[in-house]
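# Understanding the architecture of this molecule
Okay, here's what each chain looks like letter by letter:
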Amino acid sequence: MNNLSFSELCCLFCCPPCPGKIASKLAFLPPDPTYTLMCDESGSRWTLHLSERADWQYSSREKDAIECFMTRTSRGNRIACMFVRCSPNAKYTLLFSHGNAVDLGQMSSFYIGLGSRINCNIFSYDYSGYGTSSGKPTEKNLYADIDAAWIALRTRYGIRPENVIIYGQSIGTVPSVDLAARYESAAVVLHSPLTSGMRVAFPDTKKTYCFDAFPKTSNQHILTCG
């Protein structure tokens, strides 16, 4: 969480209460991009270029198993998506919403390792304002971002809902819970989930207030880990 003074917290929560500002100040920490996506002349094929900060741990062979592309959300932003084919016989695909302060470039090696160990393919995306995705990170954009990712996973790759595991980590649990509340899937995994914006700033908060950010995560009873 950002280091905010007491007066700044009071301003965020009380003058006037604004969940969008709370989320932006307390929850979102987009890093400097660790990758770029280059499109060919046809406009249909994208090439992933990782910087040294991405800390790629594998060979070019594993990198060839990664397909990236851009898709547009209902709020007009273009978000980067990544499909990692870890196993040709994988029954399940994880729709992975990553944590804060990372982007797809930094997560790419982790996805290769995770998918190979559990025999699953991984589909992930960068939130608005993260990586090469356009726009700004906001709570409403999070929900639109995961919707666009879900649609791309279903239409571009033909993955059926019963073969999708919705996986959210940290800030990624927010859109994961929202999506899971609206669509059926094989399973939902919440890794180190947030409770709500108020509870992040004030852990002893017991009630869910109307101006709270991310209230859905505190009102869901889903198996969590971490």
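Residues numbered from 1 in each chain as written. Predicted model: local features only at pLDDT ≥ 70, side-chain atom pairs only at ≥ 80, totals over all residues. Heavy atoms only, no water.

### Some points on the environment of glycine 135
With respect to the helices and strands, the residue glycine 135 is situated in the loop between strand E6 (121–125) and helix H5 (139–156). A relative accessible area of 41% places glycine 135 in the partly exposed class. For the pair glycine 135 and arginine 75, spaced 60 residues apart in sequence, the C-alpha separation works out to 9.3 Å. Apart from residues no more than four positions distant in its own chain, glycine 135 is found in contact with Asn77, Ser128 and Gly129. (Helix = DSSP H or I, 4+ residues; strand = E, 2+ residues; numbered from the N terminus. Buried < 20%, exposed > 50% of the residue type's maximum accessible area, 1.4 Å probe, protein only. Contact = heavy atoms within 4.5 Å.)

### Some points on the confidence of the model for the chain
Of all residues in the chain, 74% have pLDDT values of 70 or greater, and the mean over the chain is 84. Low pLDDT, under 50, characterises residues 218–226; the stretch is placed with 21 contacts to residues that sit more than four places away or in other chains. (pLDDT = per-residue confidence, 0-100.)

### Here's the deal with helix H4 (residues 104–118)
If you check H4, its first and last C-alpha atoms are 20 Å apart, about what 15 residues at 1.5 Å a residue would give, namely 21 Å. Structurally, the start of H4 carries an N-cap: the backbone nitrogen of glycine 105 is 3.1 Å from a side-chain oxygen of aspartate 103. Just past H4, the residue asparagine 119 takes up positive phi, approximately 60°. (Expected span 1.5 Å × (residues − 1). Polar contact = N/O pair within 3.5 Å; in protein donor to acceptor, adjacent residues only side chain to side chain.)

### What about the packing of aromatic side chains?
What the rule picks out here adds up to 13 aromatic pairs. Relative to tyrosine 157, the ring of phenylalanine 123 has its centre 6.2 Å away and its plane inclined at 70°; by these criteria the two rings are edge-to-face. Placement of phenylalanine 123 in strand E6 and of tyrosine 157 in the loop between H5 and strand E7 (164–169) is noted, with a sequence separation of 34 residues between them. The same class applies to phenylalanine 123 and to tyrosine 157, which are both buried. Looking at arginine 156, its charged tip hangs above the ring of phenylalanine 69, at a distance of 3.9 Å from the centre. (Phe/Tyr/Trp six-rings, centres within 6.5 Å; stacked < 30°, edge-to-face > 60°. Lys NZ or Arg CZ within 6 Å of the ring centre and 35° of its normal.)

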